[in-house]
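Descriptive structure summary
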Amino acid sequence: MSITISYCRRYWKQLSTGTKLIALCLICIWVLSKAFIVMCKWSEGPSYQPCVEYIDHMCAEFSRHRISGNLCTELCHNTSAERFHCEHNSSGEKKVIVYIKDEDTKLVLKSGAYTSWDSVAKNYTSIKTLRPLVLSKDSLVEKLYSKFRQYFLNNETFGRFVSHLDVNSHNVLSAAVSGELLLQQDEYITSMNYQSKEVVPGLRGVCGNFYVSDYTPTDGALLTNRPGAGWPWRSVGEWKNRRTVAIRLLELAERLDNNDLLLCDVKGDNFGVLEDGKIAVLDSDTLFTRTVLGDVLKEDTCSSDSDCSFWDCHGTCDQKSWKCSTSLANTNFQMICSKIFRHDPSNGYHGILEDVPAKWQTTIWKEIRYCKRWRLSIKKSRNHLYNLRKALLHDQILG
């Protein structure tokens, strides 16, 4: 070893200064490349290793007949790490896992319920112990219906929920437990209720506390809207894309209005593109009906309107009772307009309608200037929505 080091030192001294610099640069590049690979592996490790643990735990519970679901068999057939990838927020309360079914199909698994199986099952096991024949498939459906009917819009939706549990004579207890775990999650209930309304991704089914929906990627125009993403909207092609996204968002706002829904967390990565090109809400546990949200806010005391806000949904303070009113001060159009179409100083996002062809600036800005107007009525808000969509749909706007 000492001979080798001595030889290397003599050889190094014989090299020219230029050669030494080149050698040092190559060594630095090699070291940095190795460090980059290590960092990538380190960052990727936590992204999918916990996913494998979640899936392994789910499938272990399924094999022990402790949970059920119409997708358990499929999901547990192949649990290799390459098929499951955690999303960035999977370290939080909600677990989001992308499942690569095949080359053409991706699905998303979500769960925010981690109540222990035993704590949920004891209500059913006590019934089973006292009266073994009571916990049949029909009696379970009746029990779930009486307990949770109020969560569903209609009997058809409740029927889909029962089909997700895949209830049969051999898994009644596990289906009961899975049903309880799922109905602790607002996003699952909202997704079930509004499947036919084209406001949320398609729901495929469940396994235990996980519910599975279609993978809906976010449009590039909404991703480049993030802070620090630059300002890449100089070509006609980029403008056409932003124009299309804006129209699709206006159509979503209209569908939300038609179903009396408010989206209270408006940001670019909370929207995904369905197969038919329509835009849907990804984080649907921030969707509320106006009635429900008004009833929640009215319980709060207030000293100003700002005390009556829930995320992006703004309420009003009754100056006589000093309690929040059931009426809301903004609309879906205003929230999407102020948070997506216009530049939002609160989070640094660029607005996708901030940089438009010069000859259309006046027409478009005539409508989006109402984004932040306080207490704009629903009727007037819809008029501005229709006028803006009409302007964006005009053929000459692509010129």
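Here, every reference points to the structure presented above.
**With respect to the overall build of the protein**
Within the protein, the secondary structure is distributed over 14 helices and twelve strands. The burial tally for the protein puts 44% of its 399 residues in the buried class. Sequence-distant contacts in the protein: of pairs separated by 6 or more residues, those separated by 24 or more amount to 63%. For the protein, the accessible area works out to roughly 21,400 Å², and carbon and sulfur atoms hold 55% of it.

**With respect to the packing of aromatic side chains**
Per the counting criterion, the structure on display carries nine aromatic pairs. Seen from their ring centres, Tyr188 and Tyr211 are 5.6 Å apart, and the 50 degrees between their planes marks the pair as tilted. In this pair, Tyr188 is assigned in helix α8 (residues 186-193) and Tyr211 in strand β5 (residues 210-214), connecting sequence segments 23 residues apart. Here Tyr188 and Tyr211 have matching classes, each one buried. Grouping aromatic residues by their ring pairs yields a cluster made of Tyr145, Phe152, Phe158, Phe161, Tyr188 and Tyr211. A cation over an aromatic ring shows up here: Lys106 above the ring of Tyr215, its NZ or CZ 5.1 Å from the ring centre.

**Thoughts on the sheet that holds strand β1 (residues 84-86)**
Strand order in the open sheet formed by five strands is β1-β2-β3-β5-β4, and the pairing between neighbours is antiparallel. Edge positions in the sheet fall to β1 and β4 (203-207), since each has one partner strand and no second. The average undirected angle you get between the axes of adjacent strands in this sheet is 25 degrees. Direction of pairing for strand β3 (residues 105-111) relative to β5: antiparallel, over a ladder of four bridges. When the bridges of β5 are listed, Leu107 appears paired with Asp214.

**With respect to the layout of surface pockets**
Roughly 350 Å³ of internal volume is contained in the second largest pocket. Around the second largest pocket, the lining is made up of 16 residues, and of these Ile189, Thr190, Asn193, Leu287 and Val292 lie nearest the centre. Of all the elements in the fold, those that place two or more residues in the lining of the second largest pocket are α8 and β9 (287-289). At four residues, α8 tops the list of elements feeding residues into the lining of the second largest pocket. Its residues assigned to classes, the lining of the second largest pocket shows nine nonpolar, five polar and two charged.

**Remarks on the nonpolar core**
Ranked by size, the top nonpolar core spans 48 residues in total, and within it Leu249, Phe271, Phe341 and Leu353 carry the most contacts. Residue contributions to this core peak at nine residues, all from helix α10 (residues 236-258). Once residues within four sequence positions are removed from consideration, Phe341 is found in contact with Ala246, Leu249, Leu250, Ile336, Gly351, Ile352, Leu353, Glu354 and Leu388. Counting residues in each nonpolar core, the second largest holds 20 residues, with Phe148, Ala175, Met192 and Tyr211 among its members.

**Here's the deal with the pattern of salt bridges**
Once their charged atoms are close, side chains differing in charge can pair, the charge on each being opposite to the other. Following the criterion strictly, the structure yields 15 salt bridges and no others. Ionic pairing is found between Lys339 and Asp312, a salt bridge with its closest N-O pair at 3.5 Å. With a gap of 27 residues between them, Lys339 in helix α12 (residues 332-341) and Asp312 in the loop between β10 (309-310) and β11 (313-318) connect regions that are remote in the sequence. On the accessibility criterion, Asp312 (13% relative accessible area) is buried. Connected through salt bridges with shared partners, the residues Glu61, Arg64 and Arg66 form a single ionic network.

**Considerations on the environment of Lys298**
Tracing the backbone through its elements, the reader meets Lys298 in the loop between α11 (290-297) and β10. C-alpha separation for the pair Lys298 and Thr316, spaced 18 residues apart in sequence, amounts to 9.5 Å. Not counting residues within four places of it along the chain, the set of residues in contact with Lys298 comprises Lys323, Cys324 and Thr326.

**Description of the pairing of β3**
Counting buried residues along β3, five of its seven residues qualify, which places the element largely inside the surrounding structure. Across seven bridges, the pairing between strand β2 (residues 95-102) and β3 is antiparallel. In the sheet register, Lys95 faces β3, and the bridge partner there is Ser111. Count of turn residues in the β2/β3 antiparallel hairpin: two residues.

**A word on the packing of helix α5 (residues 137-148) against helix α6 (residues 155-165)**
Where α5 contacts α6, the two axes come as close as 11 Å, and the packing angle between them is 130 degrees. Taken together, α5 and α6 sit at an angle that is classed as oblique. Here α5 runs over α6; the crossing is right-handed. The residues of α6 that touch α5, namely those facing Val141, Leu144 and Tyr145, are Asn155, Phe158, Phe161, Val162 and Leu165.

**Some thoughts on unusual backbone geometry**
Of note, Asp166 is a non-glycine position whose phi angle comes to about 55 degrees, a positive value. Along the chain, Asp166 falls in the loop between α6 and α7 (172-182). The exposure class assigned to Asp166 is partly exposed, which follows from its relative accessible area of 38%. With a phi angle near 60 degrees, Asp260 is a residue other than glycine that sits in the positive phi range. We classify Asp260 as partly exposed; its relative accessible area is 32%.

**What to know about the sheet that holds strand β12 (residues 323-328)**
Strand order across the open sheet formed by three strands is β10-β11-β12, with antiparallel pairing between neighbours. Two strands lie at the open edges of the sheet, namely β10 and β12, each paired on one side alone. Two elements, β10 and β11, share two bridges in a ladder whose sense is antiparallel. Paired with Phe310 across the bridge in β11 is Cys313.

Calculation notes
Residues numbered from 1 in each chain as written. Predicted model: local features only at pLDDT ≥ 70, side-chain atom pairs only at ≥ 80, totals over all residues. Heavy atoms only, no water. Helix = DSSP H or I, 4+ residues; strand = E, 2+ residues; numbered from the N terminus. Buried < 20%, exposed > 50% of the residue type's maximum accessible area, 1.4 Å probe, protein only. Contact = heavy atoms within 4.5 Å. Areas by Shrake-Rupley, 256 points an atom, 1.4 Å probe, with all protein chains shown as cover. Phe/Tyr/Trp six-rings, centres within 6.5 Å; stacked < 30°, edge-to-face > 60°. Lys NZ or Arg CZ within 6 Å of the ring centre and 35° of its normal. Pairing = 2+ DSSP bridges. Axes fitted to C-alpha atoms, helices over the stretch in contact; angles between N-to-C directions. 1 Å grid on protein atoms, 1.4 Å probe; cavity = no way out; pocket = protein on both sides within 12 Å on 5 of 7 lines; lining within 4 Å. Points joined across faces, edges and corners; volume = space filled by probe spheres on them. Nonpolar A, V, L, I, M, F, W, Y, C, P; charged D, E, K, R; others polar. Core = buried A, V, L, I, M, F, W, Y, C linked by side-chain atoms within 4.5 Å. Salt bridge = Lys/Arg side-chain N within 4 Å of Asp/Glu carboxyl O. Parallel < 35°, antiparallel > 145°, perpendicular 65-115°, else oblique. Left-handed = near helix turned anticlockwise from the far one by under 90°.

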